[in-house]
Amino acid sequence: IESGLVMLTNSVGHHLMVNEAMIPRNLKVFPYICGTRMLSDFRPKSNIKDSYKILELEEGCSLDDIRNSYRSLAKKYHPDSGSATADAEAFIKVEEAYRVVLSDAMTKKKANEDNEEEEDQFKMQAPQHRHYLSFEGVGFGTPSQREKQYMQFRVDRATEQVLEYRKQRLESQFVATDLMKAKEVRQSKKVKITQAVERLVEDLIQESMAKGDFDNLSGKGKPLQKFSDCPHVDPMTHNLNRILIDNGYQPEWILLQKEIRETIERLRKSIVASRSKLGEPMTPYRQKQWNRICEQFTEDIRKLNKRIDNFNLVVPILSRQMVHFSADKEIGRAQKTYEVLMENGEASNSDTKENEEENVKRFGWKSSLLKWLN
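Just so it is clear, the model here is predicted, and its values are computed rather than measured.

Caption draft 1: The overall build of the protein chain, seen in detail. For the protein chain, the count of helices and strands is 10 helices and two strands. Each helix and strand of the protein chain, ordered N terminal to C terminal, gives the series β-β-α-α-α-α-α-α-α-α-α-α. Here the protein chain, with 374 residues, has 18% of them falling under the buried criterion. A separation of at least 24 residues holds for 45% of the contacts in the protein chain among residues at least 6 apart in sequence. Entry remark: accessible area of the protein chain is about 29,800 Å², with carbon and sulfur atoms responsible for 55%.

Here it is, written out as structure tokens:
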């Protein structure tokens with residue numbers, strides 16, 4: 001081959017002499033081609049299979065496997081490796097097989113990537129087609145058919161909205177009606193209770209009149225007092241309560257309050273009387289008796305405090321509630337009361353003796369005689 005000329009061979013086996021300057025640079029796949037070696041990287045199918053066999057690989061292997069196999073075989077057959085298996089012809093076959101297999105693997109990889117890109121583009125672009133972005137994605141067929149279907153869809157949607165609005169409006173009206181009915185029921189119950197109370201009061205008044213409880217009243221035949229002492233109390237309510245109380249109809253909390261007050265007064269008088277009976281001085285026997293009396297008094301106070309708890313539960317006014325009584329304070333109070341009574345008794349005894357001495361001085365022997373006779 002002359003200088004500047006290159007022989008090319010096609011797949012059939014025809015040879016062509018071409019000037020090297022006429023070959024495009026992008027077709028020069030192997031820049032270090034020398035001699036009569038062909039520039040084209042095309043290989044028939046049988047040559048590709050042989051190349052895989054030379055590299056000891058199978059079709060479909062990865063690029064890393066191809067490179068690793070080529071490196072191991074190059075170290076084995078390269079003339080400059082200095083190994084015992086060095087062979088230039090075998091190395092050339094290995095190099096050519098490496099180029100063929102590498103080109104085939106790159107081509108298949110690129111084809112697979114192109115197919116995947118096409119599939120991804122189709123997946124991304126299919127839902128976003130302008131044909132489906134109009135008419136809110138409603139309908140199918142030609143644009144005119146989809147327009148008619150979209151208009152019918154809007155009519156149906158508007159009808160549903162109107163029906164929903166009417167439904168909500170009717171529900172709100174029914175709720176308001178139910179509230180009015182409930183309010184009327186409560187009002188009617190209130191009226192019935194008021195009428196029942198009025199009938200009860202009237203029946204009680206008529207019963208009292210039949211018994212003659214109103215015959216001996218001081219104000220018989222006179223009108224009732226219009227207002228009570230408290231201007232904030234309803235006069236009609238006050239008069240009704242006063243009539244009920246005068247005829248023995250008193251609320252439970254009033255009776256409990258009266259009972260509590262009477263009980264504490266009775267207990268106070270009884271403990272003072274017990275202390276007065278023991279007298280002075282306090283011998284050990286009297287002290288034991290006094291301790292038993294105090295224990296019983298403490299138990300009575302405890303029972304009275306339970307009655308106070310019941311009273312506080314039923315009393316309607318918070319300011320009317322009562323506090324518990326303290327047994328120790330009541331015993332100390334009884335002791336002080338006894339001491340005051342003793343002082344008053346001594347004073348009265350001294351006054352009696354002075355009066356007797358004055359009578360003796362005044363009447364002389366007559367008073368002495370009368371005293372002796374007595």
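Next comes the rest of the account.
Caption draft 2: Structural context of the confidence of the model for the protein chain. Confidence in the prediction for the protein chain averages 76 pLDDT; 71% of positions are at 70 or higher. Between the elements of the protein chain, mean pLDDT differs from a low of 52, seen in helix 10 (residues 365-373), to a high of 92, seen in helix 8 (residues 284-314). This model gives residues 27-46 a pLDDT under 50, and the stretch forms 23 contacts once residues within four places in sequence are excluded.

Caption draft 3: A look at the pattern of salt bridges. One pass over the structure, following the stated rule, counts nine salt bridges. Where K211 meets E207, a salt bridge forms, and the shortest distance between an N and an O atom there is 3.6 Å. Placement of both K211 and E207 in helix 5 (residues 143-211) is noted, with a separation of four residues, approximately one turn of the helix. The exposed category is assigned to K211, whose relative accessible area is 58%.

Caption draft 4: Spatial organisation of the packing of aromatic side chains. Summed over all chains, the structure comprises two aromatic pairs. Both rings, one in Y70 and one in Y98, keep their centres 4.1 Å apart while their planes meet at 15°; by these two values the pair is stacked. With a gap of 28 residues between them, Y70 in helix 2 (residues 63-77) and Y98 in helix 3 (residues 88-125) connect regions that are remote in the sequence. Y98 matches Y70 in its accessibility class, with the two residues each being buried.

Caption draft 5: View of helix 5. Its 69 residues place the ends of helix 5 102 Å apart at the C-alpha level, agreeing with the 102 Å of an ideal helix rising 1.5 Å per residue. Among the residues of helix 5, those classed as buried are R146, Y150, V201, L204, I205 and S208. The first or second residue beyond helix 5 is G212, which carries a positive phi of 90°.

Caption draft 6: Representation of unusual backbone geometry in the model. In this model, E280 is joined to P281 through a cis peptide bond whose omega is -5°. Note on placement: P281 falls in the loop between helix 7 (252-278) and helix 8. Residue E56 is not a glycine yet carries a positive backbone phi of 60°. Residue placement: E56 occurs in the loop between helix 1 (45-54) and helix 2. Taking the relative accessible area as the measure of exposure, E56 reaches 64% and is therefore exposed.

Caption draft 7: Looking closely at the nonpolar core. In terms of nonpolar packing, the biggest core is built from 21 residues, with I260, I271, I301, F311 and F325 touching the most fellow members. Residue assignment for this core shows that the elements contributing at least two residues are helix 7, helix 8 and helix 9 (327-363). Here the element with the most residues in this core is helix 7; it accounts for eight residues. Judged by nonpolar contacts, the second largest core, of 17 residues, contains L57, L63, Y70 and A105.

Caption draft 8: Representation of the packing of helix 7 against helix 8 within the structure. Helix 8 packs onto helix 7 with a crossing angle of 170° between their chain directions and a minimal axis gap of 10 Å. It follows that helix 7 is roughly antiparallel to helix 8 by the angle criterion. Across the contact of helix 7 with helix 8, the residue classes tally to 15 nonpolar, five polar and six charged.

Caption draft 9: Layout of the side chain of N312. Secondary-structure assignment places N312 in helix 8. By relative accessible area, N312 is classed as buried at 18%. A polar contact of 2.9 Å, which involves the side chain of N312, links it to the backbone nitrogen of M322. Excluding residues within four positions of it along the chain, N312 makes contact with Q321 and M322.

Caption draft 10: Expanded view of the environment of M322. The topology assignment puts M322 in the loop between helix 8 and helix 9. The buried category is assigned to M322, whose relative accessible area is 19%. Setting aside anything within four residues of it in sequence, one finds M322 in contact with Q257, I260, I308, F311 and N312.

Definitions and cut-offs
- Residues numbered from 1 in each chain as written.
- Predicted model: local features only at pLDDT ≥ 70, side-chain atom pairs only at ≥ 80, totals over all residues.
- Heavy atoms only, no water.
- Helix = DSSP H or I, 4+ residues; strand = E, 2+ residues; numbered from the N terminus.
- Buried < 20%, exposed > 50% of the residue type's maximum accessible area, 1.4 Å probe, protein only.
- Contact = heavy atoms within 4.5 Å.
- Areas by Shrake-Rupley, 256 points an atom, 1.4 Å probe, with all protein chains shown as cover.
- pLDDT = per-residue confidence, 0-100.
- Salt bridge = Lys/Arg side-chain N within 4 Å of Asp/Glu carboxyl O.
- Phe/Tyr/Trp six-rings, centres within 6.5 Å; stacked < 30°, edge-to-face > 60°.
- Expected span 1.5 Å × (residues − 1).
- Core = buried A, V, L, I, M, F, W, Y, C linked by side-chain atoms within 4.5 Å.
- Axes fitted to C-alpha atoms, helices over the stretch in contact; angles between N-to-C directions.
- Parallel < 35°, antiparallel > 145°, perpendicular 65-115°, else oblique.
- Nonpolar A, V, L, I, M, F, W, Y, C, P; charged D, E, K, R; others polar.
- Polar contact = N/O pair within 3.5 Å; in protein donor to acceptor, adjacent residues only side chain to side chain.

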